[in-house]
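# Coordinate inspection notes
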Amino acid sequence: MENFERYFLHEKKILLDNISYETVKVEGRPAEMKLGVKDTIVAQLMKNGVKINFNRALNFEPEGIFSLSVTYSMMLIFDPTTKDEVNWKGMDIATEFKNGCPHLLTALMSRTSLMISQITSAGGQNPIVTPAAPVAPQVQ
């Protein structure tokens, strides 16, 4: 789709949708652990627009220290003059959003990364600043 944003009004609502933080107590923690980062975009078609959820999940391999998941959402309201030009039910909305709105995706990613760094530094340790990772779009 050439100009994904033309189908929506300019006003966009961004919300902190969910945070899940769990400390993990593991006996005999290994000397080396790998931090995994997974980004996911989920698009939900609503009556009056589209809700985009951006989730970043962090966990360790093997399991240890903590697991953390942060989700920010953006509500895009349909522009009544253009919304009927597209078959929204037959479209991969998450992929179109990812490809057609990089600046809006960056806004969600930046907020998520900032929240993760704040949470991981809350106990006095150095913050974990997560870089942008390839996202796996999903449609619901």
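To start, this report covers the structure provided alongside it. (Residues numbered from 1 in each chain as written. Predicted model: local features only at pLDDT ≥ 70, side-chain atom pairs only at ≥ 80, totals over all residues. Heavy atoms only, no water.)

## Thoughts on the packing of helix α1 (residues 93–100) against helix α2 (residues 102–121)
- Between α1 and α2, the least distance of the axes is 5 Å, while the angle of their chain directions is 95°. The orientation of α1 relative to α2 falls into the category roughly perpendicular. For the pair formed by α1 and α2, the contact residues are Phe-97, Lys-98, Asn-99 and Gly-100 on the first element and Pro-102, Leu-104, Leu-105 and Leu-108 on the second.
- Split into classes, the residues belonging to the contact of α1 with α2 amount to five nonpolar, two polar and one charged. (Axes fitted to C-alpha atoms, helices over the stretch in contact; angles between N-to-C directions. Helix = DSSP H or I, 4+ residues; strand = E, 2+ residues; numbered from the N terminus. Parallel < 35°, antiparallel > 145°, perpendicular 65-115°, else oblique. Contact = heavy atoms within 4.5 Å. Nonpolar A, V, L, I, M, F, W, Y, C, P; charged D, E, K, R; others polar.)

## Regarding the nonpolar core
- Counting 31 residues, the largest nonpolar core has Phe-4, Phe-8, Ile-52, Leu-76, Trp-88, Ile-93 and Phe-97 as its most contacted members.
- For this core, the secondary-structure elements that each account for two or more residues are β2 (34–45), β3 (49–61), β4 (65–78), α1 and α2.
- When residues no more than four places from it in sequence are discounted, the contact partners of Leu-76 are Phe-4, Phe-8, Lys-12, Asn-48, Gly-49, Val-50, Ile-52, Phe-97 and Leu-104. (Core = buried A, V, L, I, M, F, W, Y, C linked by side-chain atoms within 4.5 Å. Buried < 20%, exposed > 50% of the residue type's maximum accessible area, 1.4 Å probe, protein only.)

## Re α1
- Ile-93, Ala-94, Glu-96 and Phe-97 are the residues of α1 that are buried. When α1 is viewed along its axis, its buried side chains cluster within an angular range of 165° and face the same direction. (Arc of directions from axis to C-beta.)

## Topic: the packing of aromatic side chains
- This structure, assessed with the given rule, holds nine aromatic pairs.
- Each ring, one from Phe-4 and one from Phe-97, has its centre 6.4 Å from the other, and the planes form 75°; the classification is edge-to-face. On the criterion of sequence distance, the pair formed by Phe-4 in the segment before β1 (8–24) and Phe-97 in helix α1 is long-range, its members being 93 residues apart.
- Grouping aromatic residues by their ring pairs yields a cluster made of Phe-4, Tyr-7, Phe-8, Phe-78, Trp-88 and Phe-97. (Phe/Tyr/Trp six-rings, centres within 6.5 Å; stacked < 30°, edge-to-face > 60°.)

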